[in-house]
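The primary structure of each chain is shown beneath.
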Amino acid sequence: MSRVVSKNLFDFKPAGKLDDDVAAIYNAMEEGTFSSGAKEIAERMKELLGREDEEANKEYIVLFRKTVEVVVDMVDNNPAYAGVAERVVTSSITVPTTHDGEFDVPVEVYTPKNLEGKKMRVGYVYAHGGGAVSLTAAYERNPLSKYAADNDLVVFNVDYRIAPETRCPNNIKDFYEVIKHVHTNAESLGIDPAKICIGGESGGGYICLGAMVLLAQNNNSNMVKLAIPQIPMTDDYCFSDPLVMTLEERKEHLMMRKIWKHYIAADWEEQKHDPHLFPGKSSDELLEKFPPTIMVEAEFDFYITEATRFAGRLRRAGRLLELVIIPGSPHGVAFIPGVKGCKLHWEVMDTIAREYIHGDF
């Protein structure tokens, strides 16, 4: 593959500190004042992080999923998304798979009303967040519907199976099969097969990166015009020395160790060097086969080191178009409408849609 050429559209200066508006929200969440019972749940989760027995792991994942429900409520009830459902036609498809039993992957489809019935539209296949162990596609229905309507995209929001009920590599294979399905059935879906893009954030960023590994391994990267992993779980940096980590990485490294080792991995010892589990461990030769990529990060994300390191390797391999780091922002700022970092994130995503998804490069 020939080297991609960046348009160099983004060059934000680091803020050096969290923006005041989002810092206040995150402080309230850490202090347990953001929702009822949050402080007690957080304290119990800290206790469970020190244990690796099966009983502790089962209790921890239940509590983890309960904590992210706060984020779901924040997104669902935010007035910024009022009326967005009326701007798109929401439908669904299922994609049959056999890699982990017979399972039809559910996919929500958001079509801007002005594109309904048209052909050769741009498709955006997306993996939701939640650490690959929680949430469903419905979590990002509102922001993705808005993104579809604002940027003339048909969004395929993939409800891939999550861990620990479904473990690596079958979670990334769910997403990979949907990408192949959209490409193979592009004509009937009204999609231009040359304009299929993929993305995902956080755990969904890992799912996206894992699918990129599969695309490269199977010489199918030509199916994807552009990949946009956002704040992605990338490698096993959380298992390194906490003294070298950023504050945010140090705070969350025990949580991430548990998620990778006890929930996502099917066999830790067998898979800990496998790029299906840790896409950041892809060989240089494999990276050269990746789709063109834009990495979107946040200055105070707890995956910042692993994601930016991987972006550097993609740049060396000739596959990185842009590395965007939203200044003054933590993990997940895109889903807190009203704060400065959220506004900037979606301005960035709109620019990516205009200049790269719809544009030539």
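A brief look at the structure comes next.

Reading the values: the criteria
Residues numbered from 1 in each chain as written. Predicted model: local features only at pLDDT ≥ 70, side-chain atom pairs only at ≥ 80, totals over all residues. Heavy atoms only, no water. Axes fitted to C-alpha atoms, helices over the stretch in contact; angles between N-to-C directions. Helix = DSSP H or I, 4+ residues; strand = E, 2+ residues; numbered from the N terminus. Left-handed = near helix turned anticlockwise from the far one by under 90°. Contact = heavy atoms within 4.5 Å. Nonpolar A, V, L, I, M, F, W, Y, C, P; charged D, E, K, R; others polar. Core = buried A, V, L, I, M, F, W, Y, C linked by side-chain atoms within 4.5 Å. Buried < 20%, exposed > 50% of the residue type's maximum accessible area, 1.4 Å probe, protein only. Pairing = 2+ DSSP bridges. Right-handed = clockwise from strand over helix to strand, strands pointing away. Expected span 1.5 Å × (residues − 1). Arc of directions from axis to C-beta. Parallel < 35°, antiparallel > 145°, perpendicular 65-115°, else oblique.

On to the packing of helix α2 (residues 38-49) against helix α3 (residues 54-76). Where α2 meets α3, the axes come as close as 10 Å, and the angle between the chain directions of the two elements is 145°. Handedness of the α2/α3 crossing: left-handed. For the pair α2 and α3, the contacting residues are I41, R44, M45, L48 and L49 in the first and A56, E59, Y60, L63, F64, K66 and T67 in the second. A per-class count over the contact of α2 with α3 returns eight nonpolar, one polar and three charged.

Judged by nonpolar contacts, the single largest core of 115 residues is most densely connected at I264 and I352. The element best represented in this core is helix α7 (residues 203-217), accounting for 10 residues. Ignoring anything within four residues of it in the chain, the contact list for I264 reads G131, A132, V133, A163, R167, C168, N171, Y206, M233, I259 and L277.

Our focus in this paragraph is the sheet that holds strand β4 (residues 154-158). Within a sheet, neighbouring strands are paired by backbone hydrogen bonds and run either parallel or antiparallel to one another. Here we have eight strands laid out as an open sheet, ordered β1-β2-β4-β3-β5-β6-β7-β8, and mixed in their pairing. Among the strands making up the open sheet, the edge pair consists of β1 (88-97) and β8 (320-330). In this sheet, neighbouring strand axes are inclined to one another by 20° on average, regardless of whether the strands run parallel or antiparallel. Alignment of strand β5 (residues 191-201) against strand β6 (residues 226-230), held across five bridges, turns out to be parallel. Paired with C197 across the bridge in β6 is L226. Against the sheet, α7 touches β3 (121-127), β5, β6 and β7 (293-300), its axis set at about 135° to β5.

Let's shift gears to the pairing of β4. Within β4, five of the five residues are buried, leaving the element largely enclosed by the surrounding structure. The two faces of β4 match: V154, F156 and V158 on one face and V155 and N157 on the other face are all buried. Alignment of strand β2 (residues 103-112) against β4, held across four bridges, turns out to be antiparallel. Across the sheet, the residue bridging to E108 is N157, located in β4. Looking at chain direction, β3 and β4 are connected through five bridges and run parallel. Within the sheet, the bridge partner assigned to A127 lies in β4 and is V158. Handedness of the β-α-β unit built from β3, helix α4 (residues 141-151) and β4 comes out right-handed.

A separate point is helix α12 (residues 340-357). With 18 residues, α12 ought to run about 26 Å at 1.5 Å a step, and its terminal C-alpha atoms sit 24 Å apart, in line with that. For α12, the full list of buried residues reads G341, C342, H345, W346, V348, M349, T351, I352, A353, Y356 and I357. Buried residues belonging to α12 abut β3, α4, β5, β6, β7 and β8.

Further remarks concern α2. Taking 1.5 Å as the rise per residue, α2 with 12 residues should run 16 Å; its terminal C-alpha atoms sit 16 Å apart, in good agreement. Those residues of α2 that fall on the buried side of the exposure criterion are A38, I41, M45 and L48. Taken end-on, α2 shows its buried residues confined to a sector of 85°, consistent with a single buried face. The outward face of α2, more than 90 degrees from its buried face, is lined by the exposed residues E40 and K46. Looking at the buried positions of α2, the neighbouring elements they touch are α3 and α8 (247-264).

Relative orientation of the contacting elements α3 and α8 amounts to 120°, with a least axis distance of 12 Å. Taken as axis vectors, α3 and α8 run oblique relative to one another. For the crossing formed where α3 meets α8, the hand is left-handed. Between α3, through N57, Y60, I61 and F64, and α8, the contact on the second element is made entirely by M255, K258, I259, H262 and Y263. Split into classes, the residues belonging to the contact of α3 with α8 amount to six nonpolar, two polar and one charged.

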